[in-house]
Amino acid sequence: MIMNSDTFMFHGCDVAALAAKYGTPLYLVSEDEIRKRCAEIKRDFTDKYDNTRAAYASKAFQTLEMIRIIKSEGLSLDVVSGGEIYAAVKAGFDPADMVFHGNSKTAGEIGEALDAGVGTIVVDNLSELELMDQMARDRNMKQEVLFRVTPGVDSHTHQYISTGQADSKFGFSTEETVETAVPEALKMEGIDLKGVHFHVGSQLLENTSHIMAVEIIIKMLEDLKDKYGWTAREINCGGGFGVHYAGDPSRTKISDFVDPVMKRIEEAYNRCGDPRPMVTIEPGRWIIAEAGITVYEVGSVKTNAAGRVYAGVDGGFPDNPRTELYNASYEVEAVEKLKLPHTVKTTVAGKCCESGDIVAYDVMLPPLERGDHLAVLATGAYNYSMSSNYNRIGRPPVVMLKDGKDRLTVKRETYEDMLRNEM
């Protein structure tokens with residue numbers, strides 16, 4: 001981002017010019033920034049430590065072009081539905097290098113994963129394990145699986161994206177894993193239990209909960225070896241590494257999380273003398289969030305009876321539900337008015353018929369008028385992927401930026417697109 005010019009520049013591109021070219025609302029995504037993050041992962045994790053891998057958590061932002069970029073960077077892919085598997089295969093991604101998650105996979109999705117040859121399936125519960133065993137045996141195959149384990153760690157994040165606590169919809173408790181799930185899996189002909197997975201939450205800006213979780217998981221694996229003679233071949237530590245939003249510190253470095261985790265895992269396996277399992281991480285938001293911005297055009301500007309200044313824009317909840325869902329905060333730039341004094345406390349409001357449709361509360365901006373453009377920063381993660389057609393509003397296009405050049409990778413959704421499946 002460059003702010004020393006007259007208009008806002010994002011990774012070498014003039015945002016006002018792109019708004020004129022493609023219209024608004026508009027998602028802009030920097031391929032350069034994505035590849036920079038992938039390079040850090042390789043330098044500080046997969047190249048630094050033997051027998052490791054990183055899987056991009058594609059639920060954060062999955063388009064065909066994003067999948068191709070991740071494939072070219074040599075990362076694995078974390079998928080959570082039949083649709084994500086289908087899109088990844090369509091983009092040329094090797095199913096053997098996918099990790100399939102989900103707390104309530106349908107029989108159809110399990111069948112699709114087995115038939116596609118998805119390399120690893122993360123099992124969430126006993127009924128899913130039993131179904132998968134039967135379906136694998138029906139296909140005369142043995143499926144590699146990890147157990148999703150809930151380590152009972154509370155993370156300092158929004159309750160809706162905290163997943164490692166005891167009261168979670170995800171996974172097995174450590175007790176159920178040891179007493180029930182592992183002995184059951186070891187008897188199954190269609191299941192190859194490869195290891196365990198945990199994920200303690202999203203948008204974590206400190207490593208405490210990851211460290212606590214891995215220590216609990218190591219102890220659990222020691223118990224499993226003592227009871228059943230089973231040793232894990234993989235420990236998947238999930239993701240959740242935090243990035244910079246408004247009010248947050250600078251983004252975390254991958255090394256802040258992986259170095260202390262790897263230290264504890266390697267010490268544990270040096271003590272017992274067993275080979276260290278493969279260690280996997282699953283960054284999603286960390287790779288894509290700050291690589292993306294959303295551009296809007298200002299429509300109405302008004303001050304209500306309570307004295308609050310509202311700038312209404314041509315998007316909102318359908319292209320970014322995170323403010324309403326998670327009370328997310330964003331930094332906002334006035335694209336054409338960077339150098340003007342930021343003297344007006346402004347609430348940027350979306351266009352939906354919904355009081356909660358707010359893009360950003362109380363941000364300092366120059367005086368705005370109809371036709372101005374606003375850039376909302378760090379919207380690469382969970383904006384396009386969570387977008388909807390609420391109020392019959394079409395999804396914005398996605399334009400990828402690389403080396404100062406732009407290319408359209410997802411077209412703007414038309415009214416006809418929204419009606420395509422209706423009878």
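Residues numbered from 1 in each chain as written. Predicted model: local features only at pLDDT ≥ 70, side-chain atom pairs only at ≥ 80, totals over all residues. Heavy atoms only, no water.

1. Here's the deal with the overall build of the protein
And step 1. Across its full length, the protein holds 12 helices and 20 strands.
And step 2. Residues counted as buried form 55% of the 423 residues belonging to the protein.
And step 3. Sequence separation of 24 or more characterises 70% of the internal contacts of the protein that already satisfy a separation of 6 or more.
And step 4. Taken as a whole, the protein presents about 17900 Å² of accessible surface, with 49% of it coming from carbon and sulfur.
And step 5. Separation between the mean location of the 47 positive side-chain charges and that of the 64 negative ones in the protein comes to 3 Å. (Helix = DSSP H or I, 4+ residues; strand = E, 2+ residues; numbered from the N terminus. Buried < 20%, exposed > 50% of the residue type's maximum accessible area, 1.4 Å probe, protein only. Contact = heavy atoms within 4.5 Å. Areas by Shrake-Rupley, 256 points an atom, 1.4 Å probe, with all protein chains shown as cover. Lys, Arg positive; Asp, Glu negative; His and termini not counted. Charge placed at Lys NZ, Arg CZ, Asp CG, Glu CD.)

2. What to know about the pattern of salt bridges
Two side chains bearing opposite charge may form a pair once their charged atoms approach each other closely.
And step 1. The final tally for this structure, using the stated rule, is 37 salt bridges.
And step 2. When the shortest N-O distance is used, the salt bridge between Glu-215 and Arg-264 registers 3.0 Å. Highlighted residues: Glu-215 in helix α8 (residues 208–228) and Arg-264 in helix α9 (residues 254–272), separated in sequence by 49 residues.
And step 3. Its salt-bridge partner being Asp-362, residue Arg-308 comes within 2.7 Å of it at the nearest N-O pair. Of this pair, Arg-308 sits in the loop between β13 (292–303) and β14 (309–313) while Asp-362 sits in strand β17 (residues 358–365), and the two are 54 residues apart along the sequence.
And step 4. For Arg-308, a relative accessible area of 30% translates into the label partly exposed.
And step 5. Given the relative accessible area of 35%, Asp-362 is considered partly exposed. (Salt bridge = Lys/Arg side-chain N within 4 Å of Asp/Glu carboxyl O.)

3. Let's talk about the packing of helix α2 (residues 31–46) against α9
And step 1. At a minimum axis separation of 10 Å, α2 and α9 run at an interaxial angle of 20°. What the angle tells us is that α2 and α9 run roughly parallel. Two packed elements cross with a definite hand, and for α2 against α9 that hand is right-handed. Facing α2, whose interface residues are Glu-40, Ile-41, Asp-44 and Phe-45, α9 presents Ile-254, Ser-255, Val-258, Asp-259 and Met-262. (Axes fitted to C-alpha atoms, helices over the stretch in contact; angles between N-to-C directions. Parallel < 35°, antiparallel > 145°, perpendicular 65-115°, else oblique. Left-handed = near helix turned anticlockwise from the far one by under 90°.)

4. Looking at the side chain of Thr-252
And step 1. Position of Thr-252 among the secondary structure elements: in the loop between β11 (234–236) and α9.
And step 2. A relative accessible area of 6% places Thr-252 in the buried class.
And step 3. A polar contact is formed between the side chain of Thr-252 and the backbone oxygen of Gly-242, at a distance of 2.8 Å.
And step 4. Once you skip the residues sitting within four places of it in the chain, Thr-252 turns out to touch Leu-204, Leu-205, Phe-241, Gly-242, Phe-257 and Trp-286. (Polar contact = N/O pair within 3.5 Å; in protein donor to acceptor, adjacent residues only side chain to side chain.)

5. Some points on the environment of Asp-14
And step 1. Residue placement: Asp-14 occurs in strand β2 (residues 13–14).
And step 2. Separated by 391 residues in sequence, Asp-14 and Lys-405 place their C-alpha atoms 9.9 Å apart.
And step 3. Each residue touching Asp-14, except ones within four places of it in the same chain, is listed here: Thr-7, Phe-8 and Met-9.
And step 4. At 3.1 Å, the side chain of Asp-14 and the backbone nitrogen of Ala-17 are in polar contact.

6. Things to note about α8
And step 1. With 21 residues, α8 should cover 30 Å at 1.5 Å per step; its first-to-last C-alpha distance of 30 Å lies within 8% of that length.
And step 2. Buried residues of α8: Ser-209, His-210, Ile-211, Ala-213, Val-214, Ile-217, Ile-218, Met-220, Leu-221 and Leu-224, and no others.
And step 3. Buried residues along α8 sit against β8 (143–150), α7 (174–186), β10 (191–197), β11 and α9.
And step 4. Phi turns positive one or two residues past the end of α8, at Gly-229, with a value near 70°. (Expected span 1.5 Å × (residues − 1).)

7. Examining the pairing of strand β7 (residues 120–123)
And step 1. Of the two faces of β7, the one holding Thr-120 and Val-122 and the one holding Ile-121 and Val-123 are both buried throughout.
And step 2. Summarising the sheet, β7 and β8 pair through three bridges and their orientation is parallel. Considered in β8, the bridge of Ile-121 is made with Val-145. (Pairing = 2+ DSSP bridges.)

8. Considering the packing of aromatic side chains
What characterises a pair of aromatic rings is the spacing of the ring centres plus the angle enclosed by the ring planes.
And step 1. For the structure on display, the rule yields seven aromatic pairs.
And step 2. Residues Phe-61 and Tyr-384 carry aromatic rings whose centres are separated by 5.7 Å and whose planes lie at 65° to one another, so their mutual orientation is edge-to-face. Placement of the pair is Phe-61 in the loop between β4 (52–57) and α3 (64–72) and Tyr-384 in the loop between β18 (373–377) and β19 (398–402), with a sequence separation of 323 residues. Of the two residues, Phe-61 and Tyr-384, both sit in the buried class.
And step 3. Look at Phe-241 and Phe-257: their rings are 4.8 Å apart centre to centre, the planes differ by 45°, and that puts the pair in the tilted class. (Phe/Tyr/Trp six-rings, centres within 6.5 Å; stacked < 30°, edge-to-face > 60°.)

9. Topic: unusual backbone geometry
Phi is mostly negative for residues that are not glycine, and the peptide bonds are mostly trans.
And step 1. The amide bond that connects Thr-24 to the next residue, Pro-25, takes the cis arrangement and shows omega of -10°.
And step 2. Relative to the assigned elements, Pro-25 resides in the loop between α1 (15–22) and β3 (26–30).
And step 3. For Arg-392, which is not glycine, the phi dihedral falls at a positive 55°.
And step 4. For Arg-392, the location among the structural elements is in the loop between β18 and β19.
And step 5. The exposure class assigned to Arg-392 is partly exposed, which follows from its relative accessible area of 46%.

10. Observations concerning the environment of Arg-251
And step 1. With respect to the helices and strands, Arg-251 occurs in the loop between β11 and α9.
And step 2. According to the relative accessible area criterion, Arg-251 is partly exposed, its value standing at 25%.
And step 3. Each C-alpha atom, one on Arg-251 and one on Gln-203, is 9.7 Å from the other, the two residues being 48 residues apart in sequence.
And step 4. Leave out the neighbours within four places in its chain, and Arg-251 touches Arg-37, Glu-40, Gly-242, Val-243, His-244, Trp-286 and Glu-290.
And step 5. Looking at Arg-251, its side chain comes within polar contact range of the side chain of Glu-40, at 2.9 Å.

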